[in-house]
Amino acid sequence: MKLSIAIIDYGLGNIQSAKKSIEKVILDNNVEGDVYFASDFKLLEKSTHIILPGQGAFESCIKGLKNLEGMIDELNKQIIYKKKPILGICVGMQLLANRSFENGINEGLGWIEGSIEKVPNGKLSLPHMGWNDLTKQSSHKVLDNINNDDHFYFVHSYYFKTINNENIIATANYGINFPAIVAKENILGVQFHPEKSSSSGLKMLTNFINI
């Protein structure tokens, strides 16, 4: 089957780097497929996989997504009903939650139960920025060939506080253990940036397109 990977373009997110990384994964694995940006909801119909990027503040990201006419309704159709795999990256992961408490209360997509809350950093500086390893919490396919000492690049001040622990696939630590990867059926979110995480990130993106 030829892959068709849509990267949602709502004006916020590191979309060029994400596209280049997915293109490299497709080339390196001799996979037939294409990667494209989607700001028109009609472009999601042909997709086999969807990537939801995000950077900056939750409020700006959810507003940007809402400003794309018909996009959230189409995402619900493709993800909730047609069960296409989706990967939320950084704030794109946080958008999967019910709500965020960053700069007030903002409602998210509500696909994975939980809220976005500030990292209780204590004496540690925010944002949490740099390389961290993961601790696996399950044997999810997205973790194939990923080792606990593989490092991934994080930039964030808020974390996904899940309602159900079974949605936590891997954790990282910065003052507290927090979810680094969340999942529910076909829905995946990573707090780090796989497109900035060198070979470890490419391995994870490979696993995603193989789902």
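In short, a report on the structure.

What counts, and where the lines are drawn
Residues numbered from 1 in each chain as written. Predicted model: local features only at pLDDT ≥ 70, side-chain atom pairs only at ≥ 80, totals over all residues. Heavy atoms only, no water. Helix = DSSP H or I, 4+ residues; strand = E, 2+ residues; numbered from the N terminus. Rg over C-alpha atoms; globule rule 2.2 N^0.38 Å. Buried < 20%, exposed > 50% of the residue type's maximum accessible area, 1.4 Å probe, protein only. Contact = heavy atoms within 4.5 Å. Areas by Shrake-Rupley, 256 points an atom, 1.4 Å probe, with all protein chains shown as cover. Pairing = 2+ DSSP bridges. Core = buried A, V, L, I, M, F, W, Y, C linked by side-chain atoms within 4.5 Å. Phe/Tyr/Trp six-rings, centres within 6.5 Å; stacked < 30°, edge-to-face > 60°. Lys NZ or Arg CZ within 6 Å of the ring centre and 35° of its normal. Polar contact = N/O pair within 3.5 Å; in protein donor to acceptor, adjacent residues only side chain to side chain. Salt bridge = Lys/Arg side-chain N within 4 Å of Asp/Glu carboxyl O.

A look at the overall build of the protein chain
Counting its secondary structure elements, the protein chain contains 5 helices and 14 strands. Here the protein chain has a C-alpha radius of gyration of 16 Å; the compact-globule value for 211 residues is 17 Å, and the two agree. C-alpha atoms of the protein chain, sized along the principal axes, occupy 50 × 35 × 30 Å. Expressed as a percentage of its 211 residues, the buried residues of the protein chain come to 53%. Considering only intrachain contacts with a sequence separation of at least 6, the fraction spanning at least 24 residues in the protein chain is 70%. Of the roughly 9500 Å² of accessible surface on the protein chain, a fraction of 47% belongs to carbon and sulfur atoms.

A word on the pairing of strand β12 (residues 168-174)
Summarising burial for β12: 6 of the 7 residues are buried, a large majority. Judged from the 2 bridges that link them, strand β9 (residues 135-136) and β12 form a sheet pairing that is antiparallel. By the bridge assignment for β12, Lys136 is matched with Ala170. Note that β12 and strand β13 (residues 176-184) share 6 bridges and pair antiparallel. Looking across to β13, one finds that Ile168 is bridged to Val182. Connecting β12 to the next strand, β13, in antiparallel fashion are 1 residue, including Gly175 with a positive phi near 80 degrees.

Quick notes on the pairing of strand β14 (residues 187-190)
Going residue by residue along β14, you find Ile187 and Gly189 tucked away on one face and Leu188 and Val190 tucked away on the opposite face as well. Across 4 bridges, strand β4 (residues 86-89) lies against β14 in parallel orientation. Among the inter-strand pairings, Gly88 is bridged to a residue of β14, identified as Gly189. Where β13 meets β14, 4 bridges bridge the pair, whose relative direction is antiparallel. Counted as the bridge partner of Lys184 is Ile187 from β14. Counting the residues in the hairpin turn of β13 and β14 gives 2 residues, including Glu185, whose phi is positive at 55 degrees.

Section: the nonpolar core
Judged by nonpolar contacts, the single largest core of 66 residues is most densely connected at Ile8, Leu65, Leu134, Ile181 and Met204. With residues up to four places along the chain from it excluded, the contact list for Ile181 reads Leu134, Val142, Leu143, Asn167, Ile168, Ile169, Ala170, Leu188, Gly189, Val190, Phe192 and Met204.

Notes on the packing of aromatic side chains
One pass over the structure, following the stated rule, counts 4 aromatic pairs. By the ring-pair criterion, three or more aromatic residues cluster together here, those being Phe152, Phe154, Phe178 and Phe192. The residue whose ring lies beneath Lys19 is Phe37, and the NZ or CZ to ring-centre distance is 6.0 Å. Across the ring face of Tyr36, the terminal group of Lys46 is positioned such that the distance to the ring centre comes to 4.4 Å.

A closer look at the environment of Asn186
Mapped onto the elements, Asn186 comes out in the loop between β13 and β14. Beyond its immediate stretch of four places on either side in the chain, Asn186 contacts Ile79, Lys83, Lys84, Pro85 and Ile86. Side-chain polar atoms of Asn186 contact the backbone oxygen of Lys84, separated by 2.7 Å.

Thoughts on the sheet that holds strand β11 (residues 158-162)
Taken together, the 4 strands give an open sheet; going across it, the order is β6-β5-β7-β11, and neighbouring strands pair in mixed fashion. Strands with a single pairing partner mark the edges of an open sheet, and in this sheet they are β6 (106-107) and β11. Pairing geometry for strand β7 (residues 114-118) and β11, over 5 bridges, is antiparallel. Bridging across to β11, Lys118 finds its partner in Tyr158.

What to know about the pattern of salt bridges
Under the counting rule described, the total for this entry stands at 8 salt bridges. In this structure, Asp28 engages Lys24 in a salt bridge whose closest nitrogen and oxygen atoms are separated by 3.0 Å. One end of the pair, Asp28, and the other, Lys24, are both in helix α1 (residues 15-28), 4 residues apart, so they sit about a helical turn from each other. With a closest N to O distance of 3.1 Å, Lys203 and Asp150 form a salt bridge. Of the two residues, Lys203 is situated in helix α5 (residues 198-209) and Asp150 in the loop between β9 and β10 (151-156); the sequence distance between them amounts to 53 residues. By relative accessible area, Lys203 is classed as partly exposed at 28%. For Asp150, a relative accessible area of 11% corresponds to the buried category.

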